[in-house]
Amino acid sequence: MKSLSDNRSLDYKTSVFILTNYLKQLQSFSQTLNLSNLVVSISNIVYRLEHNSFTIGVFGNFNCGKSTFINALIGKNILPTDILATTATISRIIHREIPGAKISFQDGIEQEIPIDKLEDYVTKLTSDSEQRAAEIQESLIYYPIPYYQNQLEIIDTPGLNDDEKMTAITSEVIEGCDVAIMLISAISPFGITEGEFLTTKLLANGITRILFVINSIDLLDTAEVGKIINSISNRIHTCIQEWAKQQPNPQEILDKLDKIQIHGISAFQALEAKATRNIPLLAQSWFVNFECALRTIINQERGLIQLQTTCIRITTNATEILSCVKHQESQLAVEIAQLSKAKETISHHIEQLRCQKTELTTSFNNTSSNLQKQTNLSHSRLETKLK
């Protein structure tokens, strides 16, 4: 007799098979319609689904502590941090027993580097490193993190309000994410930029599993922490509800977002606590509660999230294909109307030419007949004279 876990595994594999077939059909339609961008996008979705990839993206304004936060997750100070907007490329953190780093350049070249040399490649701390970073596609960081196993990666992104190019890079990352961690500074809580990113980038792209993390609570008075968290929580919910009202199925969207989690933490304290094995400081950072929630997602909800995200992206891609088909149908209708009008014009010209031909033929025949008569008459007269 099969166990419940066996049945769930079978259901998951069946769902992956069905969704993969849908995606390949959409890919075929996209190729027929010459939608090259969509072909690439669907190929990436198929690859991620077939290889059981699971990606968690970390997003937030610059100087909200994203790199420090990821260092706290890793348990070691690996990603460069500074008071400036340091992150100039995306960094993928992947589980591997032997630590290391690899730089992928935009020209396709890859280079292994010591992990302690990352800041020379992925930051804007110096003019040299900023120039070098402009030539880099992404950096891959390998480190042994137990709950990052099984094709799981976490991505550190440039700040949302850094510059247009960095914001564009961050937007591209979203297409491959399954879960988003949105980092918010406790001393600069949830402004317009973050609200727009949440709605027009994350929610609009089908990412409904979002962990909101309010960082740097250690900079607040203890009495203010609860108030700030509640204030930011209210802003987030209001932002989501206002956006949902403008969508075709607002209640369906709100139902998908019923698992929104908001955590207050101090990444700085958590990193310091893990580095020094200071258990009281780790508890004070509130980081353990967040990690527990993250582990639950990874260990218990991962498969469901993958399927839900894929379904949403299938719907989005199918809608785009239908829109393209309708646009092409509209263009064909215009072309058919133009051809029909041209046909009428040509038919009219042909009819005119036929009439002209008839008239010319009649005129030619009459002229020929008259000439024949005149010739016969002249011939008769000539014969008469000759006699």
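Structure shown above.
For the structure given in this document, a descriptive report is provided here. Keep in mind the model is a prediction, meaning the values are calculated, not measured.

Considerations on the overall build of the protein
- Counting its secondary structure elements, the protein contains 12 helices and nine strands.
- The 387 residues of the protein split such that 42% are buried.
- Of the roughly 22,400 Å² of accessible surface on the protein, 53% is carried by carbon and sulfur atoms.

A look at the nonpolar core
- If you look at the biggest cluster of nonpolar residues, it comprises 42 residues, and the most contacted ones within it are Ile 56, Phe 69, Ile 181, Phe 287 and Phe 290.
- Considering each element in turn, this core owes the most residues, six residues, to helix α12 (residues 287-386).
- Apart from the residues within four sequence positions on either side, Phe 290 is in contact with Phe 69, Leu 73, Ile 181, Leu 211, Val 213, His 263 and Ile 265.
- Counting 33 residues, the second-largest nonpolar core is a separate cluster that includes Ile 155, Phe 190, Leu 220 and Ile 260.

Description of the pattern of salt bridges
- Counted according to the given criterion, the structure contains nine salt bridges.
- Glu 50 is the salt-bridge partner of Lys 24, the closest N and O atoms lying 3.6 Å from each other. Separated by 26 residues along the polypeptide, Lys 24 in helix α1 (residues 4-32) and Glu 50 in helix α2 (residues 36-50) bring together distant segments of the chain.
- Classification of Lys 24 by relative accessible area gives partly exposed; the value is 41%.

Details of the packing of helix α3 (residues 66-74) against helix α10 (residues 267-276)
- Where α3 meets α10, the axes come as close as 8 Å, and the angle between the chain directions of the two elements is 35 degrees. When the axes of α3 and α10 are compared, the crossing they make is left-handed. Of α10, the residues touching α3 (which contributes Thr 68, Phe 69, Asn 71, Ala 72 and Leu 73) are Ala 267, Phe 268, Ala 270, Leu 271 and Lys 274.
- Tallied by class, the residues present in the contact of α3 with α10 amount to seven nonpolar, two polar and one charged.

Looking at the pairing of strand β6 (residues 152-156)
- The element β6 is extensively covered by neighbouring structure, given that five of its five residues are classed as buried.
- Side chains of β6 alternate between two faces, with Leu 152, Ile 154 and Asp 156 and Glu 153 and Ile 155 buried alike.
- Pairing of strand β1 (residues 54-59) with β6, which is carried by five bridges, proceeds in the parallel orientation. When the bridges of β6 are listed, Phe 54 appears paired with Leu 152.
- Sheet topology places strand β2 (residues 90-95) next to β6; four bridges connect them, and they run antiparallel. Looking at β6, one finds that Arg 92 is bridged to Ile 155.

A few points about α10
- Burial in α10 covers these residues: Ala 267, Gln 269, Ala 270, Leu 271 and Ala 273.
- For α10, the elements touching its buried residues are α3, β8 (210-215), α11 (279-284) and α12.
- Residue Arg 277 follows α10 closely and has a positive phi angle near 55 degrees.

Things to note about the side chain of Arg 302
- For Arg 302, the position within the fold is in helix α12.
- No salt bridge is formed by the buried Arg 302; the nearest opposite charge belongs to Asp 178, separated by 7.1 Å.

Rules and cut-offs
Residues numbered from 1 in each chain as written. Predicted model: local features only at pLDDT ≥ 70, side-chain atom pairs only at ≥ 80, totals over all residues. Heavy atoms only, no water. Helix = DSSP H or I, 4+ residues; strand = E, 2+ residues; numbered from the N terminus. Buried < 20%, exposed > 50% of the residue type's maximum accessible area, 1.4 Å probe, protein only. Areas by Shrake-Rupley, 256 points an atom, 1.4 Å probe, with all protein chains shown as cover. Core = buried A, V, L, I, M, F, W, Y, C linked by side-chain atoms within 4.5 Å. Contact = heavy atoms within 4.5 Å. Salt bridge = Lys/Arg side-chain N within 4 Å of Asp/Glu carboxyl O. Axes fitted to C-alpha atoms, helices over the stretch in contact; angles between N-to-C directions. Left-handed = near helix turned anticlockwise from the far one by under 90°. Nonpolar A, V, L, I, M, F, W, Y, C, P; charged D, E, K, R; others polar. Pairing = 2+ DSSP bridges. Lys, Arg positive; Asp, Glu negative; His and termini not counted.

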